[in-house]
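Examination of the molecular architecture
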Amino acid sequence: VPSSAPGNEVQTVDISPLLAGLAPEGWGLLGEVERFTADNLYEKINGRAEQYLAYDVVGLTCVSLANSAEQFIDLYVYDMGGPTRAFGIYSVERQEGQPAIDVGRGGYRVKASYFLWKGPYYVQVLSSEAGDPLQRIGAEIVRSLADGLVDNGEPVWGLRALPQADRVPGTVQYFMRDALSLGFLNNTYTARYRRGDAEITGFLSRQPSAEAATDVLDAYQNYLKKYGELVGRSE
């Protein structure tokens, strides 16, 4: 599919004051709010930074909250520079089958921790323990945090462009690079589809021109010839 641009504007907003004001009653900041750029992100999430760099992460703002019972909640807000990239990192880290939350553009809960994306931001609210008390406090924090994040409403193209019929909910993913582990398949959305007992994975790759899209199609056809079976091709 040809495209003029993927629509990933770079946004750099200091949200440190927002995070500094999120501690509920009985909680306080455990240290200062920290900010990291793409260049030094590895200092905070060593071993995981490469996945974020693959989506051209702009930066990370984070802080820990703690109470007198030595419980803590870590807040991580990744600025991905645009909604498409924020959805992308959210989609590849998403855990299927977890309870959904109606916060931001999409999110879910794992025990007492929360994950969501809104506008250019990917958010993690990570609790030190499971259980109802921290789950309730985490829910309060994540809603306040999401309310303070600005979303310009720019759509994520692939969520609309991929066919809706028979699509398995919550299976759309966006890969900036190396979709399906194929080096030539960039700027690509994938989703699972189910009809009856049959399930397939479909993908849609947005390219800068018709010629580039044709090149990707030819590369995929050659891949199938080498590693699988090409049943047919239609124009």
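Summarised in this report is the structure supplied together with it. (Residues numbered from 1 in each chain as written. Predicted model: local features only at pLDDT ≥ 70, side-chain atom pairs only at ≥ 80, totals over all residues. Heavy atoms only, no water.)

1. Examining the sheet that holds strand β9 (residues 188-195)
Selection rule: One requirement defines pairing of two strands: DSSP has to find at least two bridges between them. The helix count covers DSSP runs of H or I at least four residues long, the strand count covers runs of E at least two residues long, and both are numbered beginning at the N terminus. Throughout, an axis means a line fitted to C-alpha atoms (over the contacting stretch in the case of helices), and angles, computed between N-to-C directions, take values from 0 to 180 degrees. The contact criterion used throughout is that any non-hydrogen atoms of two residues lie within 4.5 Å.
Pairing within the open sheet is antiparallel, and its 3 strands lie in the order β8-β9-β10. A single partner strand is all that each edge strand has here, and the edge strands are β8 (173-175) and β10 (198-205). Across the sheet, the mean angle from the axis of one strand to that of its neighbour is 25°, orientation sign disregarded. Sheet topology places β9 next to β10; 8 bridges connect them, and they run antiparallel. Residue pairing across strands places arginine 195 opposite alanine 198, the latter belonging to β10. Contacting β8 and β9, helix α4 (residues 83-93) runs over the sheet at an angle of about 115° to β8.

2. Considering the nonpolar core
Put simply, the test is: Put simply, a nonpolar core is a bunch of buried Ala, Val, Leu, Ile, Met, Phe, Trp, Tyr and Cys residues held in one set by side-chain atoms that sit within 4.5 Å of each other. Relative accessibility under 20% of the residue-type maximum defines a buried residue, over 50% an exposed one, and the middle range a partly exposed one, all with a 1.4 Å probe and only protein chains included.
With 35 residues, the main nonpolar core has Leu41, Tyr52, Tyr78, Met80 and Tyr122 as its most contacted residues. Elements that contribute at least two residues to this core include exactly α3 (49-53), β3 (59-67), β4 (72-79), α4, β5 (106-110), β6 (113-118), β8 and β9. Element by element, the count of residues in this core is highest for α4, at 4 residues. Apart from residues no more than four positions distant in its own chain, tyrosine 122 is found in contact with Tyr52, Tyr76, Val77, Tyr78, Met80, Ala86, Ile89, Tyr90, Glu93, Phe115, Leu116 and Trp117.

3. Notes on unusual backbone geometry
If you check the backbone angles, glutamate 70 has positive phi at about 65° while not being a glycine. Counting through the fold element by element, glutamate 70 comes out in the loop between β3 and β4. Even without being glycine, aspartate 178 reaches a positive phi, approximately 55°. With respect to the helices, strands and loops of the structure, aspartate 178 is situated in the loop between β8 and β9. Aspartate 178 gets classed as partly exposed once you look at its relative accessible area, which sits at 43%.

4. Concerning the pattern of salt bridges
Selection rule: For this analysis, a salt bridge means a side-chain nitrogen from Lys or Arg found within 4 Å of a carboxyl oxygen belonging to Asp or Glu.
Overall, the coordinates contain 9 salt bridges when judged by the stated rule. In this structure, the salt-bridge partner of glutamate 34 is lysine 44, at a minimum N-O distance of 3.1 Å. In this pair, glutamate 34 is assigned in strand β2 (residues 34-37) and lysine 44 in helix α2 (residues 42-45), connecting sequence segments 10 residues apart. Judged by its relative accessible area of 34%, glutamate 34 is partly exposed.

5. Some details on helix α7 (residues 210-227)
Definition in use: By definition here, a helix of n residues has an expected span of 1.5 Å times n minus one.
With 18 residues, α7 extends 26 Å between its outermost C-alpha atoms, agreeing within 8% with the 26 Å of an ideal straight helix rising 1.5 Å per residue. All of the buried residues in α7 are Ala212, Ala213, Val216, Gln221 and Leu224.

6. As for the pairing of β6
In terms of residue burial, β6 counts as a mostly covered element, since 6 of its 6 residues are buried. Of the two faces of β6, the one carrying Ser113, Phe115 and Trp117 and the one carrying Tyr114, Leu116 and Lys118 are both buried. Where β5 and β6 come together, 5 bridges link them in antiparallel fashion. Residue pairing in the sheet places tyrosine 108 in a bridge with phenylalanine 115 of β6. Joining the antiparallel neighbours β5 and β6 is a turn of 2 residues, in which lysine 111 adopts a positive phi near 55°. Bridge count for β6 against strand β7 (residues 121-127) is 5 bridges, and the pairing is antiparallel. Across the sheet, residue tyrosine 114 finds its bridge partner in β7, namely valine 125.

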